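Chain by chain, the residues:
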Amino acid sequence: MSLKFKAVKSYKRGDNNEKQPFWFPQLTGSSKLGMDDVVEIFEKHTTASGGDVHLIAWGLSDLIPEQLLAGHTVRIDGLGTFRLYLKSEPADSPEEVTADNIKEVRLGFIPDTRIKRKLEKATFVKVEEQ
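Conventions we followed
Residues numbered from 1 in each chain as written. Predicted model: local features only at pLDDT ≥ 70, side-chain atom pairs only at ≥ 80, totals over all residues. Heavy atoms only, no water. Pairing = 2+ DSSP bridges. Helix = DSSP H or I, 4+ residues; strand = E, 2+ residues; numbered from the N terminus. Axes fitted to C-alpha atoms, helices over the stretch in contact; angles between N-to-C directions. Buried < 20%, exposed > 50% of the residue type's maximum accessible area, 1.4 Å probe, protein only. Contact = heavy atoms within 4.5 Å.

1. Some thoughts on the sheet that holds strand S6 (residues 124–126)
So, step 1. Ordered by their spatial adjacency, 3 strands build an open sheet running S2-S1-S6, and the pairing between neighbours is mixed. Every interior strand has two partners, whereas the edge strands, strand S2 (19–27) and S6, have only one. Going from strand to strand, the sheet's axes swing by 45° on average, the running direction of each strand aside.
So, step 2. Where strand S1 (residues 3–13) meets S2, 9 bridges bridge the pair, whose relative direction is antiparallel. By the bridge assignment for S2, Ser10 is matched with Phe22.

Shown next, in the form of structure tokens:
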């Protein structure tokens with residue numbers, strides 16, 4: 001199955017500060033899968049029951065943030081690595097750096113090599129605007 005994309009217009013500043021248009025591909029046509037959808041698909045591919053899938057998903061959704069907040073990076077083989085990043089404001093000296101400089105905690109995810117290899121097989125089809 002191919003991923004759908006469309007051409008999207010944006011602008012960059014050119015000479016004399018003039019806006020110059022450029023185009024780039026953007027994925028489109030995706031839909032969200034809810035937990036019931038994921039459970040149904042998982043049940044078709046494994047011997048796990050829907051209850052098992054829910055149990056593991058809920059367990060991971062509790063375990064991952066708990067361990068991240070304890071200062072750990074969480075690596076799940078076959079899935080990937082979760083870690084926290086900070087969005088912060090700079091200071092003029094190390095002494096001026098405080099918790100007030102931290103504006104947001106962000107979650108980073110690096111997919112496992114297994115997932116990356118599967119995504120390398122992506123194919124694309126362009127859809128026209130209507």
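We are not done yet, so read on.
2. Quick look at the side chain of Asp112
So, step 1. Locating Asp112 in the fold gives a position in the loop between strand S5 (102–111) and helix H3 (113–119).
So, step 2. For Asp112, a relative accessible area of 10% corresponds to the buried category.
So, step 3. Setting aside residues up to four positions removed in sequence, Asp112 forms contacts with Arg75, Asp77, Gly78, Leu79 and Gly80.

3. Re the sheet that holds strand S3 (residues 74–76)
So, step 1. Taken in spatial order, the 3 strands line up as S3-S4-S5 in an open sheet, and their pairing is antiparallel. Two strands lie at the open edges of the sheet, namely S3 and S5, each paired on one side alone. Averaged over neighbouring strand pairs, the angle between their axes works out to 25° when direction is ignored.
So, step 2. Pairing analysis gives 9 bridges linking strand S4 (residues 80–88) to S5, with the strands arranged antiparallel. Following the sheet pairing, Lys87 is matched in S5 by Glu104.

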